[in-house]
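Architecture and fold: a report
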Amino acid sequence: MSFRSIPPIQCLVTFEALARLRSASRTADELCVTVSAVSHRVRQLEAHVGFKLFARGDFTLTAEGVAYLANVRAGLAAFKKLFADECAADGVRMNNAIYRSGHLQNVITTDQNSFSRVEVMYGPSSTIYGSDALGGIVHLVTKSPVLSGDKKFLSTGSAFFRYSGANDEKTIHADASLGGKKFAWFQSYNYSDFGDMKMGSDYLSKYPNFGRRSQYVDRINGIDSVVTNKDERVQKFSGYKQWDIIQKLLFKQSSRITHLLNFQLSNTNDVPRYDRLQDIRNGTLRYAEWYYGPQKRILGAYEFNAEKLGFVDQLKVNINYQDIEESRQTRDFSRYDRFDSRIEKVKVFGATISGRKMMGNSELTAGADMQLNDVKSTAFRRNILTGVTTKLDTRY
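Residues numbered from 1 in each chain as written. Predicted model: local features only at pLDDT ≥ 70, side-chain atom pairs only at ≥ 80, totals over all residues. Heavy atoms only, no water.

Attention shifts here to the overall build of the protein chain. On a plain count of helices and strands, the protein chain comes out with four helices and 20 strands. Across the 396 residues of the protein chain, 39% fall into the buried class. For the protein chain, the proportion of contacts with a sequence separation of at least 24, taken over those separated by at least 6, is 60%. Here the protein chain has roughly 21,500 Å² of accessible surface; of this, 58% comes from carbon and sulfur atoms. Counting 55 positive and 42 negative side-chain charges, the protein chain places the centres of these two groups 1 Å from one another. (Helix = DSSP H or I, 4+ residues; strand = E, 2+ residues; numbered from the N terminus. Buried < 20%, exposed > 50% of the residue type's maximum accessible area, 1.4 Å probe, protein only. Contact = heavy atoms within 4.5 Å. Areas by Shrake-Rupley, 256 points an atom, 1.4 Å probe, with all protein chains shown as cover. Lys, Arg positive; Asp, Glu negative; His and termini not counted. Charge placed at Lys NZ, Arg CZ, Asp CG, Glu CD.)

Our focus in this paragraph is the packing of aromatic side chains. What the rule picks out here adds up to 11 aromatic pairs. Summarising the aromatic geometry, the rings of F15 and F54 are spaced 5.8 Å apart at their centres and angled 70° between planes, so their arrangement reads as edge-to-face. Pair noted here: F15 is in helix α1 (residues 9–21) and F54 is in the loop between α3 (35–49) and α4 (63–80), with a separation of 39 residues, a long-range link. Considered together, F15 and F54 belong to a single accessibility category, that of buried residues. (Phe/Tyr/Trp six-rings, centres within 6.5 Å; stacked < 30°, edge-to-face > 60°.)

The next point concerns a nonpolar patch on the surface. A cluster of nonpolar side chains, F153, L178, F183, W185, L249, L261 and F263, forms an exposed patch at the surface whose accessible area comes to about 640 Å². If you list the elements that add at least two residues to the nonpolar patch, you get β7 (183–194) and β11 (257–268). Within the secondary structure, L249 is located in strand β10 (residues 240–252). (Patch = residues over 30% accessible without salt bridge, like charges linked within 9 Å, V, L, I, M, F, W, Y side chains within 5 Å. Salt bridge = Lys/Arg side-chain N within 4 Å of Asp/Glu carboxyl O.)

As a further point, take the packing of helix α2 (residues 24–31) against α3. Two numbers describe how α2 lies on α3: the axes approach to 8 Å, and their chain directions differ by 100°. By the angle between their directions, the pair α2 and α3 is classed as roughly perpendicular. Within the contact between the two elements, α2 uses A24, S25, T27, A28 and L31 and α3 uses V35, V38 and R41. Residues belonging to the contact of α2 with α3 are distributed by class as follows: five nonpolar, two polar and one charged. (Axes fitted to C-alpha atoms, helices over the stretch in contact; angles between N-to-C directions. Parallel < 35°, antiparallel > 145°, perpendicular 65-115°, else oblique. Nonpolar A, V, L, I, M, F, W, Y, C, P; charged D, E, K, R; others polar.)

Let us now look at the packing of α1 against α3. Geometry of a packed helix pair, given as the angle between the helix axes and the separation of the axes. Contact geometry of α1 with α3 gives a least axis separation of 9 Å together with a crossing angle of 110°. Judged on the interaxial angle alone, α3 and α1 are roughly perpendicular. Where α1 abuts α3, its residues Q10, C11, L12, T14, F15 and L18 lie against V38, R41, V42, Q44 and L45. Here the residues of the contact of α1 with α3 sort into seven nonpolar, three polar and one charged.

What follows deals with the pairing of β11. By the bridge criterion, 11 bridges tie β10 to β11 in an arrangement that is antiparallel. Counterpart to D244 in the pairing with β11 is S266. The antiparallel pairing of β10 with β11 creates a hairpin that spans four residues between the two strands. (Pairing = 2+ DSSP bridges.)

Where β11 meets strand β16 (residues 296–309), 10 bridges bridge the pair, whose relative direction is antiparallel. Its bridge partner lying in β16, L260 is registered against E303. One ladder, built from 13 bridges, connects β16 with strand β17 (residues 312–332); its direction is antiparallel. For G300, the partnering residue across the bridge sits in β17 and is Y321. Linking β16 to β17, which pair antiparallel, is a turn of two residues; within it G310 sits at a positive phi near 65°.

Locating F237 in the fold gives a position in the loop between β9 (223–228) and β10. Sequence separation of F237 and Y302 is 65 residues, and the distance between their C-alpha atoms is 39 Å. Not counting residues within four places of it along the chain, the set of residues in contact with F237 comprises D196, R213, Y216, V217, P272, Y274 and L277.

This brings us to the environment of T386. With respect to the helices and strands, T386 occurs in the loop between β19 (362–382) and β20 (389–391). The class of T386 is exposed, set by a relative accessible area of 55%. Measuring from C-alpha to C-alpha, the distance between T386 and Y336 comes to 9.2 Å, with 50 residues separating the pair along the chain. Among the polar contacts listed, one links the side chain of T386 to the backbone nitrogen of V388, at a separation of 3.3 Å. (Polar contact = N/O pair within 3.5 Å; in protein donor to acceptor, adjacent residues only side chain to side chain.)

Let us look at unusual backbone geometry. The phi angle at D90 is positive, at roughly 55°, despite the residue not being glycine. By secondary structure assignment, the location of D90 is in the loop between β1 (86–89) and β2 (92–93). In this structure, N221 takes a positive phi of about 55° despite not being glycine. Residue class for N221 comes out exposed when judged on its relative accessible area of 79%.

Here is the structure:
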């Protein structure tokens, strides 16, 4: 097959999203393009395949479009496997029903200042982390409790404060581990306040306006107003706050068996969608508000590790639960009657078991992975002047 016979990948992705969402504006939001770009890509794809994909303006598929969509989805699913498409934290899968495409914004719901290491793996060996990791994995490993070993008691810890002038960042972090011969405990706290990012003053002559933020929308006396930015190098509404807590308890049952409890909490305030706040429509800024609501993640996990247990040399069992919430909040400029909220809540139940057997220079690894996602998706539109709300179509 000639590569020239394959439609442009952006056209295929746009077609799949439009068929799924049945809304040009929502497709544009998901793909971070304009509505006109969505229409152009669909027309380009129809010209390439030689038949109509959509029958009517409500984006109902034609018979040919239904058949073609099945092929496109199968092709895109295979294409995804060429890339690292799973993210895990302490052996717990972070991908879920609403974070389908790999390590996206949910990666911020981990405390990077508590990492002991980050593992990046590509190729077939990455499937030891589960079937979703066929194309690769980014595994974030946080610090663990440390047993005292030969000592009666061992305490370790670290703390720091960091300030960054580029975005007025203020981060404070502290962690500690207290360990005996059989029990050890680890606790970590982290708080970060990221201000608006400020560009440098040296611009390339080819791109004199790159990154400049000349205007922004502010609500003055209840009226949306376009305000001139006093310093164009300050990227207004690019900052946010986040706090993270990690707690782990380790019990060493014997020289071959350990048990670990892992609890994590991460939360943010509202996180502005900076790129969307710069969109232009009819010569002025399109959005008065566009932000992600607080992104929350609660994790509870139990891990069992054993060595030289029966036939296997190493056995690991992980049972975990995650409670995740995110939302998208949008309002067009001067549209006080259309404040749109789309909220997703996901409860994830997971269990993995893996065993490893060493045979000379070879090893055999086998395991099983179970995931259950309970998704609750809600959406509504609110008039911010009257408080009246109406239902909207949900994202899931």
